[in-house]
Amino acid sequence: MNEKKLKKMIINIGNKLIEMGFISGTEGNISGRLESQDWFFITPSGIAYSQTKPEDLLGIDLKGNKISGDKKASIEYNMHLKIFQKRKDVNVIIHTHSFYAKTVACVRKNIPPLLDNIAIMFGGPIEVAEYARPGSLKLAENVADKLTNKNATLIANHGAIAVGKDFEEAMEYCNLIEDAAKVMIFANIIGKPVPLTNKQIEEDLNFFNSQYGQ
């Protein structure tokens, strides 16, 4: 992957999220960096993904300085910056407004580990970052704090965010967040959901890490 491919991938992911219904219009934001780089590309503010060109993306260094691009960065660039500063293992950040995730975010409830695959992938519940004004430094800090050692969080009264080592992993987490939120909502309609215990999660994680795959 080079810078040119990275920019195209970010735009392609934005359009894919539109197709999936995870964002609409100019909602959400996406950022990505090449392995071990101390700066990242992020989507511009207020431009539809279908209209975004590679040159519209902004380059931001880890001190928050704009190093490339002449557009205005997404209002949530500080959120991406804070996450990249904390997580050297993260190369992709995807912020969505998927329906079920933002529904749960509105009641400010953590999504419990009701499914074993959710427990395995996230190591426990998907928590909710405390509310703050969109685009504010406080919101950036609240979200980054929740992602210190997790790969997903809800954002109170707003949406969700997932991070990963690459686009495939981050997109998988976006899907899992939405699936977990949907299951939580419908399980509560049927009855009282029973989350997995910490011991069961630990056993599942140990099995997955030692037995799953080739």
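Draft legend 1. Just the nonpolar core, in detail. Ranked by size, the top nonpolar core spans 39 residues in total, and within it I94, L154 and I177 carry the most contacts. Ignoring anything within four residues of it in the chain, the contact list for L154 reads A101, V104, A105, K109, I111, I126, E127, V128, A129, G159, A160 and I177. Counting 21 residues, the second largest nonpolar core, distinct from the first, contains I83, A144, L147 and V163.

Draft legend 2. Broad picture of the packing of helix 2 (residues 77-86) against helix 5 (residues 137-146). Where helix 2 meets helix 5, the axes come as close as 8 Å, and the angle between the chain directions of the two elements is 35°. Taken as a pair, helix 2 and helix 5 cross one another with a handedness that is right-handed. Across from N78, M79, K82, I83 and K86 in helix 2, the residues of helix 5 making contact are L137, A140, E141, V143, A144 and D145.

Draft legend 3. Molecular detail of the environment of K8. With respect to the secondary-structure elements, K8 resides in helix 1 (residues 3-20). With a relative accessible area of 43%, K8 lands in the partly exposed category. Separated by 203 residues in sequence, K8 and Q211 have C-alpha atoms that sit 36 Å apart.

Draft legend 4. Main features of the side chain of D61. Checked against the element boundaries, D61 lands in strand 3 (residues 58-61). One buried charged residue, D61, forms no salt bridge at all, with the nearest opposite charge on K63 at 6.8 Å. Here the side chain of D61 touches K63 through a polar contact of 2.9 Å, landing on its backbone nitrogen. Of the polar contacts made by the side chain of D61, one reaches the backbone nitrogen of N65; its length is 2.9 Å.

Draft legend 5. Region of interest: helix 1. The terminal C-alpha atoms of helix 1 lie 26 Å apart, and with 18 residues this matches the ideal 26 Å at 1.5 Å per residue to within 8%. Where helix 1 is concerned, the buried positions are L6, K7, I10, I11, I13, G14 and L17. For helix 1, the buried positions fall inside an angular range of 150° around the axis, keeping them on one side. Residues of helix 1 that are exposed and angled more than 90 degrees away from the buried face: K4, K5 and E19. Buried residues in helix 1 make contact with strand 1 (29-32), strand 2 (39-42), strand 5 (92-96) and helix 6 (167-190). Sitting at the amino-terminal end of helix 1 is N2, which places a side-chain oxygen 3.2 Å from the backbone nitrogen of K4. Within two residues after helix 1, G21 carries a phi angle of roughly 80°, on the positive side.

Draft legend 6. Looking closely at the sheet that holds strand 7 (residues 152-155). Across the sheet, which stays open at both edges, the 8 strands sit in the order 4-3-2-1-5-8-7-6 with mixed pairing between neighbours. At either margin of the open sheet sits one strand with a lone partner, and together these are strand 4 (66-68) and strand 6 (128-129). Pairing of strand 7 with strand 8 (residues 159-164) involves 4 bridges; the strand directions are antiparallel. Along strand 8, the bridge assignment pairs I155 with G159.

Draft legend 7. Highlighting a nonpolar patch on the surface. Together, F186, I189 and I190 make up an exposed nonpolar region whose accessible area comes to about 370 Å². Mapping I190 onto the fold places it in helix 6.

Draft legend 8. Local environment of the pairing of strand 7. Here strand 7 shows no split at all, with A152 and L154 on one side and T153 and I155 on the other all buried. Between the antiparallel neighbours strand 7 and strand 8 lie 3 residues, among them N157 with a positive phi of about 55°.

Draft legend 9. Up close: the pairing of strand 2. Every second residue of strand 2 is oriented toward a common face, with W39 and F41 on one face and F40 and I42 on the other, all of them buried. The hairpin turn running from strand 1 into strand 2, its antiparallel successor, is 6 residues long, and S36 in that turn takes a positive phi close to 70°.

The rules behind these values
Residues numbered from 1 in each chain as written. Predicted model: local features only at pLDDT ≥ 70, side-chain atom pairs only at ≥ 80, totals over all residues. Heavy atoms only, no water. Core = buried A, V, L, I, M, F, W, Y, C linked by side-chain atoms within 4.5 Å. Buried < 20%, exposed > 50% of the residue type's maximum accessible area, 1.4 Å probe, protein only. Contact = heavy atoms within 4.5 Å. Axes fitted to C-alpha atoms, helices over the stretch in contact; angles between N-to-C directions. Helix = DSSP H or I, 4+ residues; strand = E, 2+ residues; numbered from the N terminus. Left-handed = near helix turned anticlockwise from the far one by under 90°. Lys, Arg positive; Asp, Glu negative; His and termini not counted. Salt bridge = Lys/Arg side-chain N within 4 Å of Asp/Glu carboxyl O. Polar contact = N/O pair within 3.5 Å; in protein donor to acceptor, adjacent residues only side chain to side chain. Expected span 1.5 Å × (residues − 1). Arc of directions from axis to C-beta. Pairing = 2+ DSSP bridges. Patch = residues over 30% accessible without salt bridge, like charges linked within 9 Å, V, L, I, M, F, W, Y side chains within 5 Å. Areas by Shrake-Rupley, 256 points an atom, 1.4 Å probe, with all protein chains shown as cover.

In short, shape yes, function no, at least from these values alone.
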